[in-house]
Amino acid sequence: MAQQGVQLDQEQFCCSICLDLLKDPVTVPCGHSYCRRCIERFWNQDDQRGRSSCPQCRNTFTPRPVLKKNTMLAEVVESLKKTGLQAAPPDHCYAGPGDVACDVCTGRRLKAVKTCLQCLVSYCDTHLQPHYQLAAFKKHKLVKASGELQENICSRHNKVNDLFCRTDQQCICSLCSVDEHKGHDMTSAAAARAERQKELDTSQQNIQQSIQEREKDVKVLHQEVDSINHCADRAVEDSDTIFTELISSMERRRSEVRELIRDQQKREVSRAEELRRRVEQEVTELRRRHAELEQLSLTEDHIQFLQRYTSSLSTIGETTHPVSSNVRPLRHFEDVTVAVSKMREKLEDILTEEGTNISETVNRVDVSMSTSPEPKTRAEFLQYSRPITLDPNTAHQDLSLSKGNRKVTVMDKPQSHPDHPERFTEVYQVLSREVLTGRRYWEVMLSGTGYCVDIAASYKDISKIGYGDECLFGHNDKSWSLNCTTEGYSFKHRRIETPIPGRVSSRVGVYLDHSAGTLSFYSVSDHYTMTLLHTVHTTFTHNLHAGLRLYYPSGTTAELCELK
């Protein structure tokens, strides 16, 4: 109980400014007591604003009262000090870097917990109590302690900005409302905050709704990724199985061919060995007979020679035909090698052709995300632009390529292009080197007096020889063409021509979504405003190439723009 009494004394005899035990205590007319030094310092600061007041109850005094020592308090405080009590709060209660300090505290200041928007002062817990206890402060607006009070003060009139000018969209004070903002649409800061808060709440709701929608999109995309991975893994497994079976079939066929060759080898070797043995026997017999005849030739007795000669001739008999006449030409199994080589060439042709079909099929797999919208602005189109160049091997002899094979010009005489099976022989056309798959965007710049140019998308296997419909862009089922002149536009496919109204521009944009089967042509103005001219909806069965067809006069040019 005694300790509790000491604690009570400790709280009662602390200075509300420095929060320490009173030093040289004095009492102001309202009855509150402070350290002499603390209250003098506080009043010295207060006097600069033309008033002296009590830090706790805010009663003002005019003139400044003469401070007299409170003898009884001084004696009590001295008694408390002898007990060894320390009234200072813990270190963490003091304001540090980044903290808002109490404006009333002197010396080492405590952290502020609230800021009064009427007083424009920040208070610690102790100095805040009058705002809770006294009726005069009940209507003051308390907010979380802020170190940015100066923003609430009008720099011109040094008054609180408590109004909002809707006309100029800024906070003002009451003097501003009758001065430079006179006649403007104004409201209280609280009302403006309420309006903005409603807008903020609506924005938050919209953002939250967008977040929910995007989270759904993310979930869909996760599922899409899982589906793509699953399907791709399944396709890899199936193709591996098929290729493994194909390789096994080839291995079996190789083994069969090897076995056939070895069996035939055994038969042929056996035949040759048998023939060799017979020939060797004949050689031995012939050598024996040759020795007998040699012996006969050495007989000196003429009668014996004639008698033996007759019998020797009877045993010689006829000789067989030379073996070389029965031996086949030394080619043996070369024909087999030729046959296997032909089979290999056929397989390679099949693998090449089918490999291209497989590649095109893989490229046509629709892995585009359903949430990816069609581009609308040029900036959105440009994200699908990739460098495109013209293929010199397809350019007609009278077409000249320049600027890194991006620009083509009609010339009045043939150019030095080498012969190539992919070159257009009769029409002034050229294809791009790059294959166009997925989503692609490119632009073509046209120039020349009275130019006439076809901007096309075409399959690679369009006919190159002659001047028939099978060669001309837009005259067959392998190409889609926009005819551009200085007078206007028209679209052509399968020789069906569709006139297109619209403002003529020398720059034309082309957007391809291969998997979706759309091909769109746009007129691009000098300010890069895009106007849709025509859109194709179809199913592309092969990869596409960009194509250009130029007409006379010479000097007409078309350039694939370098987009950034």
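Refer to the structure printed above.
Residues numbered from 1 in each chain as written. Predicted model: local features only at pLDDT ≥ 70, side-chain atom pairs only at ≥ 80, totals over all residues. Heavy atoms only, no water.

Draft legend 1. Here's a closer look at the sheet that holds strand S14 (residues 479–485). A sheet is described by the order of its strands in space; here six strands give the open sequence S11-S20-S13-S14-S15-S16, paired in antiparallel fashion. Across the chains shown, the open sheet's two edge strands, defined by having one partner strand only, are strand S11 (429–431) and strand S16 (496–500). Strand-to-strand twist in this sheet, taken as the mean axis angle between neighbours without regard to direction, amounts to 20 degrees. As defined by bridge partners, strand S15 (residues 489–493) adjoins S16 across five bridges and the pair is classed as antiparallel. Bridging across to S16, Ser490 finds its partner in Pro499. (Pairing = 2+ DSSP bridges. Helix = DSSP H or I, 4+ residues; strand = E, 2+ residues; numbered from the N terminus. Axes fitted to C-alpha atoms, helices over the stretch in contact; angles between N-to-C directions.)

Draft legend 2. The arrangement of the pattern of salt bridges in detail. Taken as a whole and assessed by the stated rule, the structure comprises 31 salt bridges. With its nearest N and O atoms 2.4 Å apart, the salt bridge here joins Glu195 to Arg166. Here Arg166 lies in the loop between strand S6 (163–165) and strand S7 (170–172) and Glu195 lies in helix H6 (residues 189–297), a separation of 29 residues in the sequence. Accessibility expressed as a relative area gives 30% for Glu195, which makes it partly exposed. Using a relative accessible area of 27% as the deciding quantity, one classes Arg166 as partly exposed. As a salt-bridge pair, Glu443 and Arg507 come within 2.7 Å of each other at their nearest N and O atoms. Within this pair, whereas Glu443 is found in strand S12 (residues 439–447), its partner Arg507 is found in strand S17 (residues 507–513), the two being separated by 64 residues in sequence. The pair formed by Glu443 and Arg507 is uniform in burial state, with each residue classed as buried. Here the salt bridges share partners, and the residues they tie into one network are Glu285, Arg288, Arg289 and Glu292. (Salt bridge = Lys/Arg side-chain N within 4 Å of Asp/Glu carboxyl O. Buried < 20%, exposed > 50% of the residue type's maximum accessible area, 1.4 Å probe, protein only.)

Draft legend 3. Spatial organisation of the pairing of strand S18 (residues 518–524). Within S18, seven of the seven residues are buried, leaving the element largely enclosed by the surrounding structure. Because side chains alternate across S18, one face comprises the buried residues Thr518, Ser520, Tyr522 and Val524, and the other comprises Leu519, Phe521 and Ser523, equally buried. Two strands pair when backbone bridges link them, and S17 and S18 are joined in this way by seven bridges, in the antiparallel orientation. Opposite Val508, over in S18, you have Ser523 as the bridge partner. Between S17 and S18, which pair antiparallel in sequence order, lie four residues; one of them, Gly517, sits at a positive phi of approximately 75 degrees. Bridge analysis of S18 against strand S19 (residues 530–537) gives seven bridges, and the strand direction is antiparallel.

Draft legend 4. How the structure looks around the environment of Arg36. Inspection of the secondary structure assignment puts Arg36 in helix H2 (residues 36–47). The class of Arg36 is partly exposed, set by a relative accessible area of 22%. In the structure, Arg36 is positioned 33 residues away from Lys69 in sequence and 8.1 Å away in space, judged by C-alpha atoms. Setting aside its immediate chain neighbours within four residues, Arg36 contacts Lys23, Asp24, Val26, Leu67, Lys68 and Lys69. (Contact = heavy atoms within 4.5 Å.)

Draft legend 5. Summary view of helix H3 (residues 71–82). Along its twelve residues, H3 runs 17 Å from first to last C-alpha, staying within 8% of the 16 Å computed at 1.5 Å per residue. Of the residues making up H3, those classed as buried are Leu73, Ala74, Val77 and Leu80. The buried residues of H3 occupy an angular sector of 125 degrees when the element is viewed end-on, so they sit on one face. H3 presents Met72, Glu75 and Lys82 as exposed residues on the side facing more than 90 degrees away from its buried surface. (Expected span 1.5 Å × (residues − 1). Arc of directions from axis to C-beta.)

Draft legend 6. Representation of the side chain of His181. Following the sequence through the fold, His181 ends up in the loop between helix H5 (174–177) and strand S8 (186–188). Not counting residues up to four positions away in its chain, the partners in contact with His181 are Cys165, Asp168, Gln170, Ile172, Cys176 and Met186.

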